[in-house]
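Working through the structure, step by step
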Amino acid sequence: MIEELIRRAAAGEFAAEYELEQLAAETPAALTPHLPDLLAAGSWFSPKLYRTAGDDIQQAVVTMIDEGGSDLNALLLILAHARGPVAENAFRRWRDQPPPGAGELFIGPADYMVEGGWTLEDGRVRDLCGRTAYALRPDPDRTVGPPDQGECPWCRAPLWTVLDVDTGDPRVAEALAHTGWDGRLRIVTCQGCYAYTTLYSTVSPDGRSGLSGHSAAPVRVIDDQSPPMTLRKVPAELLTDPGMSAGGWDMTTPSIGGHPGWIGDAEYPACPACARTMDYIGMEEAQDPEGEPVAEGTTYLFLDASCGLAATIYQQT
């Protein structure tokens, strides 16, 4: 079955490519024995297929890149999603000695690492995502109103509490373990302006939050000062399988933890205070009290626990 899917995908059949991507998302280990065939067939359309690639496959990809492989962008994405010591050492080397064709890329080779949810910091690997994810479901008991202390400085709309959780809940503690956060975490943003700029908010373990002065003015301001009536979300069922490879959990619905299922390219913001890449902590969508979406797109949430800053990134199709 998988061999047939690989043959059809190599011929450019979209349905076969989709089935392979679904297989990689649900049971990635099933593809592991077939990765040499996928690579040899030039089936590089989805780097997620290669998340369980071992040292031999990673080394084969590194060699192809060093020898000037025909699609450097696709090969770097594959290696970023595969990660592991071979990939990590190659990205370290390419920081100082870029591979052939790197000058034609829009970003540097080392910048591809974040596509796999990791980066190198002081020469060491740092995970940007949690290994565990839980769904965020509406809490029928109460809604969250706009915080008393804040309104958007540009459109003057009340701020939206996009996340309100506490590590006293073991599920939250597990999902945020990679961030080092301890305490209540409430993140605010502007539901009207967040689509047009990266908005940063100050956060404190006692639950205080407000829009940070590090936020840049949006390129567009919508004249809508209606309060964001959204349901409070609470952690619910476990979404990740402990047996899956690191970074293999693309979240596409409201959730805390795990790896983001990006609509576009990966966008991990840099902390405006210390310049470190911020940790991904979850995603959300605006819903009314009946649970119906009130805006298109997805809001991705990030945190720098040491600086007490959170960020929201918005993407839509």
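Right, let's walk through the structure included here. (Residues numbered from 1 in each chain as written. Predicted model: local features only at pLDDT ≥ 70, side-chain atom pairs only at ≥ 80, totals over all residues. Heavy atoms only, no water.)

On a plain count of helices and strands, the chain comes out with seven helices and 14 strands. In the chain, which comprises 317 residues, the share counted as buried stands at 52%. Counted over contacts in the chain with a minimum sequence separation of 6, partners at least 24 positions apart contribute 61%. Split by element, the accessible area of the chain, about 14200 Å² in all, is 49% carbon and sulfur. (Helix = DSSP H or I, 4+ residues; strand = E, 2+ residues; numbered from the N terminus. Buried < 20%, exposed > 50% of the residue type's maximum accessible area, 1.4 Å probe, protein only. Contact = heavy atoms within 4.5 Å. Areas by Shrake-Rupley, 256 points an atom, 1.4 Å probe, with all protein chains shown as cover.)

Counted at 1.5 Å a residue, the expected span for helix H2 (residues 14-26) with its 13 residues is 18 Å, and the 19 Å between its end C-alpha atoms agrees. Buried within H2 we find Ala16, Glu17, Leu20, Leu23 and Ala24. End-on, the buried residues of H2 take up no more than an arc of 120°, which puts them together on one face. Seen from the open side of H2, the exposed residues pointing more than 90 degrees away from its buried face are Phe14 and Glu26. Each element contacted by the buried residues of H2 is listed here: helix H1 (2-10) and helix H3 (35-40). (Expected span 1.5 Å × (residues − 1). Arc of directions from axis to C-beta.)

A full pass over the atoms with the stated rule returns 14 salt bridges. Ionic pairing is found between Glu4 and Arg7, a salt bridge with its closest N-O pair at 2.5 Å. Of this pair, Glu4 and Arg7 both sit in helix H1, three residues apart, roughly one helical turn. A relative accessible area of 37% means that Glu4 is categorised as partly exposed. Salt-bridge contacts for Asp127 lead to Arg83; the nearest nitrogen and oxygen are separated by 2.7 Å. Here Asp127, found in strand S2 (residues 124-127), pairs with Arg83, found in the loop between helix H5 (72-82) and helix H6 (85-96); they are 44 residues apart in sequence, far enough to count as distant. In this structure Arg83 comes out as buried when scored by relative accessible area, which is 12%. Shared partners join several salt bridges into a network, and the residues in it are Glu121, Arg126, Arg276 and Asp279. (Salt bridge = Lys/Arg side-chain N within 4 Å of Asp/Glu carboxyl O.)

On to the packing of H5 against H6, then. Close contact between H5 and H6 brings their axes to 9 Å; oriented N to C, the two are set at 130°. Classed by the angle they form, the pair H5 and H6 counts as oblique. Helix-helix and strand crossings are classified by hand; for H5 and H6 the assignment is left-handed. Residues Leu76, Leu79 and Ala80 of H5 lie in contact with H6, whose contacting residues are Ala87, Ala90, Phe91 and Trp94. (Axes fitted to C-alpha atoms, helices over the stretch in contact; angles between N-to-C directions. Parallel < 35°, antiparallel > 145°, perpendicular 65-115°, else oblique. Left-handed = near helix turned anticlockwise from the far one by under 90°.)

This paragraph deals with the packing of aromatic side chains. Applying the stated criterion to the full structure yields nine aromatic pairs. Between Phe91 and Trp118, the ring centres sit 5.8 Å apart and the planes meet at 75°, which makes this aromatic pair edge-to-face. Of the two residues, Phe91 sits in helix H6 while Trp118 sits in strand S1 (residues 118-121), which places them 27 residues apart along the sequence. Trp118 gets classed as buried once you look at its relative accessible area, which sits at 0%. Considering the side-chain rings of Tyr268 and Phe302, the 5.7 Å spacing of their centres and the 70° angle between planes classify their relative orientation as edge-to-face. With Tyr268 in the loop between strand S11 (259-260) and strand S12 (279-284) and Phe302 in strand S13 (residues 298-304), the pair connects residues that are 34 residues apart, well separated along the chain. (Phe/Tyr/Trp six-rings, centres within 6.5 Å; stacked < 30°, edge-to-face > 60°.)

Further remarks concern H1. Where H1 is concerned, the buried positions are Ile2, Leu5, Ile6, Arg8 and Ala9. Along the axis of H1, the buried residues cluster in a sector spanning 165°; they form a single face. Considering only its buried residues, H1 is in contact with H2 and H3. Where H1 terminates, the next one or two residues include Gly12, which has phi positive at roughly 85°.

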